[in-house]
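# Analysis of the macromolecular model
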Amino acid sequence: MEAEERRGRLAWEAAEYYRGHRVPERLEEALNALFPLCPADLYGELANYLSKFSKAPVICKLVGRKVLDGLGQPTLEVELFCTVKNYERRICSIVISSHSQIPENAFPETIEADEKERNDSVCTAVEWVNESLNTMLRDLELTDQCQADKMLGEYFENKVEEKKEREKQEQEGKEEEAPPPCPPPPAPKQKRGKSGRMSGEEKRIPPAEPAEPVLGGSLAIGGTSLAIAKAGATVSHVPLYLYIAMLKHDQESPKEMALPLPMVTLLNCEKNSPTKLKLVKEVILIPPVELSLKQGMERVLDIQKEMTRVLESTGKVPYPQTESKKGKAQNAGKKPPPLSLKRISHLGCLTAGYDNLEQLLLLMQTACSNIGLVLGTDVYLAMNCAAHELMDYERGKYEVITGTFKSPDEMIAMYLEMLNDFPFIIALIDPLRKEDRAQWSKICKALRSKCYLIAEDAATDISKLTADLKINKEMCSGVVLKYLNQTKVSDLIELTGILDGQSCITILGSPDGESSDESLVDLAVGLGARFLKLGGLSRGERVAKYNRLLAIEEELAANGALR
């Protein structure tokens, strides 16, 4: 009797439980809706129908691990697990790219210190993800990107304050132990001109601003924010680019989307190469807007092949050579090695050096002419000058060619002459250092009608740009944004909205230490970036992104949503 009473009580409780959750009504609705269809998999259709009543997926676990980027440097992977219909499931993972602010010509000890700092930062990021962030974000809904980014931002600010407090305490401890200060040494004499006065140029050249400090572990913030966005897109059953566009436009799905124009690096002209030309770091091809992305990429590939052939014939392709006289004699008259042995830059393009700008640009014209293309009509050029790497601070001038120095004002005159001679150049990236603010204003007035003036390293970091809430249009035509460190998805959405409102060009760029993660392409499409700067068409981690861009073009075209 007791067993029967217990079974009866359980049956009544179960019935009440199901009635409380409206299970009988919903089953009846599902069966009535599915009966006319007579699906082959009835229970599968029932599961699909009832799944819309299930709870929203929530984060249950974050896993951080140290991995390698495309340069063999350590970086962070964030893996995200969710509770979906009472089960723990792995939703996605992302690898955030690393970026070094150390110039190519830095001293070996500086590079070594940077590598150690990077490794320590990645280890700290892994610790943050696996411990603090894992606990903090547990049970958060995946689609609540704003709340996730707010929590991540507050966590990062607390870490910054902790570091400041720690440094303050350490400084106080040092001051207590330190001996009385010695009298300061006499100030060094300033360099003077023939008249005995310090020259005007030396007075005008502002010193280099220190690099923006990067808090160790900050990769965890950007990596986790992007992982949550990617997971939100996955559980919403939409591609990441569309999910980002919906976040930017308050959950409204755009009817049409435009693809960013690719800025494809053709040549990397290293600043520390033995050749004389220092002014150009990257030569970049931009296909015309009237071509589809696929057609534009094919055109760029044709130019790359012909440029490689031209470089081989002129002997400009670098390859290993022995410095001894015997070695030079052995190499004399030999053909350059096959393409697989040529030096490919970390940017995914061929490395070459030149003695002057005209030599480089005339070779480009020759390569295009050989395959029936005209520069300025069938394809355009952009040049990354990386001017911050050119400054000789003793002279207060830029070294544009070995032994040839120019002041900031002379640089503007040189660029004006160059654009008059070669009008197919439509963009200059970092033509001046960010410290030369007065000259940036002058160069914009002088050249804005002739080409885009883009700030890449000359721009401040994303968090500062977002905090300022404005971009000085008199300083540049646009900025290259890179998803790094503590940058969050919400930061990019906010900043690109500001740039759009000020008619400032948004360019998303890949960092030096690129990974095979393709999320950057989806970010660029979803945010409506005008250009996408990914490097060259070699190296798997860069080609993967171009392939993703081609796949998005096909998908949008098939859905009738490609503008």
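- In the nomenclature of an unreviewed UniProt entry, the chain corresponds to Enolase 4 from the organism Grantiella picta.
- Taken verbatim from the UniProt record of the chain, the Pathway (unreviewed entry) comment is "Carbohydrate degradation; glycolysis; pyruvate from D-glyceraldehyde 3-phosphate: step 4/5."
- In its Catalytic activity (unreviewed entry) section, UniProt records this for the chain: "(2R)-2-phosphoglycerate = phosphoenolpyruvate + H2O".

### Some remarks on the nonpolar core
- Counting residues in each nonpolar core, the largest one holds 128 residues, and the members touching the most others are L80, L267, L279, Y354, Y415, I425 and L428.
- Looking at this core, the element that brings in the most residues is helix α7 (residues 219–235), giving nine residues.
- Composition of this core by domain shows at least three residues from each of domain 2 (58–165 + 213–237) and domain 3 (242–312 + 342–559).
- Ignoring anything within four residues of it in the chain, the contact list for L428 reads M383, C385, Y415, M418, L447, C451, Y452, L453 and I454.
- By size, the runner-up hydrophobic cluster in this structure holds 12 residues, among which are M263, I429, V480 and F531.

### Some remarks on unusual backbone geometry
- Positive phi is not limited to glycine here, since N485 has a value of about 50°.
- Structurally, N485 is set in the loop between β13 (478–481) and α15 (489–501).
- Relative accessible area serves as the criterion here: at 21%, N485 is assigned to the partly exposed category.
- For R539, which is not a glycine, the phi torsion comes out positive at approximately 75°.
- Along the chain, R539 turns up in the loop between β15 (531–535) and α17 (540–558).
- With a relative accessible area of 27%, R539 lands in the partly exposed category.

### Regarding the pattern of salt bridges
- Under the criterion given, the structure shown has 24 salt bridges.
- With a closest N to O distance of 2.8 Å, R548 and D522 form a salt bridge. Pair noted here: R548 is in helix α17 and D522 is in helix α16 (residues 519–527), with a separation of 26 residues, a long-range link. The exposure classification of R548 matches that of D522, with both residues buried.
- The partner of E541 in a salt bridge is R539, and the shortest N-O contact between them spans 2.8 Å.

### What to know about the pairing of β15
- Counted residue by residue, β15 has five buried out of five residues, so it is predominantly covered.
- Where strand β4 (residues 261–268) and β15 come together, four bridges link them in parallel fashion. When the sheet's bridge partners are listed, M263 is paired in β15 with K533.
- Pairing geometry for strand β14 (residues 505–509) and β15, over three bridges, is parallel.

### Considering the side chain of D149
- Examined against the element boundaries, D149 turns out to sit in helix α5 (residues 145–177).
- Although buried, D149 forms no salt bridge, and the nearest oppositely charged side chain, K488, lies 6.5 Å from it.
- A polar side-chain atom of D149 sits 2.6 Å from a polar atom in the side chain of S225.
- Once residues lying within four places of it in the same chain are set aside, the contact partners of D149 are S225, K488, V489 and S490.

### Comments concerning the packing of aromatic side chains
- Per the stated rule, a full pass over the model turns up three aromatic pairs.
- Here Y452 and F531 contribute two aromatic rings whose centre-to-centre distance is 5.9 Å and whose plane-to-plane angle is 70°, an arrangement assigned as edge-to-face. Of the two residues, Y452 is situated in strand β12 (residues 452–455) and F531 in strand β15; the sequence distance between them amounts to 79 residues.
- Assessed through its relative accessible area of 5%, F531 is described here as buried.
- Above the plane of the ring of F81 lies K61, whose end atom (NZ or CZ) is 4.6 Å from the centre.
- Positioned above the aromatic ring of F405, the side-chain terminus of R395 is 4.1 Å from the ring centre.

### Let's talk about the sheet that holds strand β1 (residues 58–68)
- Strand order in the open sheet made by the three strands is β1-β2-β3, with antiparallel pairing throughout. The sheet terminates laterally at β1 and β3 (87–96), the two strands that pair on one side only. Sheet twist, expressed as the mean angle between neighbouring strand axes with direction ignored, is 20°.
- Where helix α4 (residues 108–136) meets the sheet, its contacts fall on β1 and β2 (74–84), and the angle it forms with β1 comes to roughly 165°.

### Focus on the packing of α5 against α7
- Where α5 meets α7, the closest approach of the two axes is 10 Å, and the angle between their N-to-C directions is 170°. Considering their axes alone, α5 and α7 lie roughly antiparallel with respect to each other. Along the contact surface, α5 presents Q145, A148, D149, L152, Y155 and F156, while α7 presents I221, T224, S225, I228 and A229.
- Across the contact of α5 with α7, the residue classes break down as seven nonpolar, three polar and one charged.

### A look at the environment of G536
- Among the secondary structure elements, G536 is positioned in the loop between β15 and α17.
- On the accessibility criterion, G536 (0% relative accessible area) is buried.
- Residues G536 and M263, 273 residues apart in the sequence, show an inter-C-alpha distance of 8.7 Å.
- Apart from the residues lying within four places of it in its own chain, the contact partners of G536 are V264, T265, L347, G348, C349, R542 and Y546.

### As for the sheet that holds strand β10 (residues 404–406)
- In space, the three strands of this open sheet follow the order β8-β9-β10, with antiparallel pairing throughout. Each end of this open sheet is capped by a strand with a single partner; those strands are β8 (391–392) and β10.
- Of the strand pairs in this sheet, β8 and strand β9 (residues 397–401) are connected by two bridges, and their pairing is antiparallel. For D392, the partnering residue across the bridge sits in β9 and is K397.

### Considering the packing of helix α9 (residues 293–314) against helix α11 (residues 357–370)
- At a minimum axis distance of 9 Å, the contact between α9 and α11 shows a crossing angle of 120°. Relative to α11, α9 is oriented oblique. By crossing handedness, the relation of α9 to α11 is classed as right-handed. Facing α9, whose interface residues are I303, E306, M307, R309, V310 and T314, α11 presents L363, M364, A367, C368 and N370.

Parameters at a glance
Residues numbered from 1 in each chain as written. Predicted model: local features only at pLDDT ≥ 70, side-chain atom pairs only at ≥ 80, totals over all residues. Heavy atoms only, no water. UniProt positions renumbered as here; feature names shortened; annotations may be inferred. Core = buried A, V, L, I, M, F, W, Y, C linked by side-chain atoms within 4.5 Å. Buried < 20%, exposed > 50% of the residue type's maximum accessible area, 1.4 Å probe, protein only. Helix = DSSP H or I, 4+ residues; strand = E, 2+ residues; numbered from the N terminus. Domains from an automatic or database assignment. Contact = heavy atoms within 4.5 Å. Salt bridge = Lys/Arg side-chain N within 4 Å of Asp/Glu carboxyl O. Pairing = 2+ DSSP bridges. Lys, Arg positive; Asp, Glu negative; His and termini not counted. Polar contact = N/O pair within 3.5 Å; in protein donor to acceptor, adjacent residues only side chain to side chain. Phe/Tyr/Trp six-rings, centres within 6.5 Å; stacked < 30°, edge-to-face > 60°. Lys NZ or Arg CZ within 6 Å of the ring centre and 35° of its normal. Axes fitted to C-alpha atoms, helices over the stretch in contact; angles between N-to-C directions. Parallel < 35°, antiparallel > 145°, perpendicular 65-115°, else oblique. Nonpolar A, V, L, I, M, F, W, Y, C, P; charged D, E, K, R; others polar. Left-handed = near helix turned anticlockwise from the far one by under 90°.

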